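# Analysis of the macromolecular model
Now for the letters of each chain:
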Amino acid sequence: MYQKYKNVEIVKPGGLELKDRLVGVQRVTKVTKGGRAFGFSAIVVVGDENGVVGHGLGKSKDVATAIAKAIEDAKKNLVRIPLNKGTLPHEQKGKYGGAKVFMKPASEGTGVIAGGAVRAVLESVGIHDVLSKSQGSSNPHNVVKATFDALLQLRDAKVVAKQRGISMEKVFKG
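This section reports on the structure supplied with the text. Just so we're clear, the structure is a prediction, and the values are computed from it rather than from any experiment.

The next subject is the sheet that holds strand β9 (residues 130–136). Strand order in the open sheet formed by four strands is β6-β7-β9-β8, with mixed pairing between adjacent strands. Sheet topology places β6 (92–96) and β8 (112–113) at the edges, where each strand pairs with a single neighbour. Of the strand pairs in this sheet, β6 and strand β7 (residues 99–105) are connected by five bridges, and their pairing is antiparallel. The residue bridging K93 from the neighbouring strand is F102, located in β7. Lying on the sheet, helix α3 (residues 140–152) is in contact with β6, β7 and β9; it crosses β6 at an angle near 140 degrees.

This is how it looks when you write it as structure tokens:
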């Protein structure tokens, strides 16, 4: 699922205290010869609030089962996100479908300035101070995936130094 991203650390759920956040539940309809068949689709974000996060989609005929399936799917897609003292290491843009998300690190005490689906993802990661803007599509599925696109592109200073083949001091001087 995360093949296009470099430096992504995929995490196994064993031993983690994961908290789940329900982003949205949609009632879906299938029109058949005998009438309408209703079902539910749920999108959930799980995280340990310490840099590990995942998202999942579940579908079922009833809401509770759809949410349970979404949580199980999210636990299969956990990744580690680099954090810098409760905020992001640098500003980043993410895009998925028609949804665009911009995130910028903020000073301590700012809080999570984000709406809806972006807020659920950032709080699950464990980010406490961030400024963000969501543009384009407000479809929760696309907004969550755009937020993940931005988060998965983040790199901490150690990774940047290693990729450039220079010391940590040179990273901050340049």
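Per the stated rule, a full pass over the model turns up four salt bridges. Between E49 and R21 there is a salt bridge, with the nearest N and O atoms lying 3.3 Å from each other. Note that E49 is positioned in the loop between β3 (35–47) and β4 (52–60) and R21 in strand β2 (residues 19–32), a separation of 28 residues in sequence. Among the residues examined, E49 registers a relative accessible area of 30% and is labelled partly exposed. The salt bridge involving R21 is made with E123; its shortest N-O contact spans 3.6 Å. Here R21 is found in strand β2, whereas its partner E123 is found in helix α2 (residues 116–125), with 102 residues between them in sequence.

The next thing to look at is the environment of T87. By the element assignment, T87 lies in the loop between β5 (79–80) and β6. With 42 residues separating them in the primary sequence, T87 and V45 have C-alpha atoms 19 Å apart. Discounting chain neighbours no more than four positions away, the residues touching T87 are P105, A106, I127 and D129.

What counts, and where the lines are drawn
- Residues numbered from 1 in each chain as written.
- Predicted model: local features only at pLDDT ≥ 70, side-chain atom pairs only at ≥ 80, totals over all residues.
- Heavy atoms only, no water.
- Pairing = 2+ DSSP bridges.
- Helix = DSSP H or I, 4+ residues; strand = E, 2+ residues; numbered from the N terminus.
- Contact = heavy atoms within 4.5 Å.
- Axes fitted to C-alpha atoms, helices over the stretch in contact; angles between N-to-C directions.
- Salt bridge = Lys/Arg side-chain N within 4 Å of Asp/Glu carboxyl O.
- Buried < 20%, exposed > 50% of the residue type's maximum accessible area, 1.4 Å probe, protein only.

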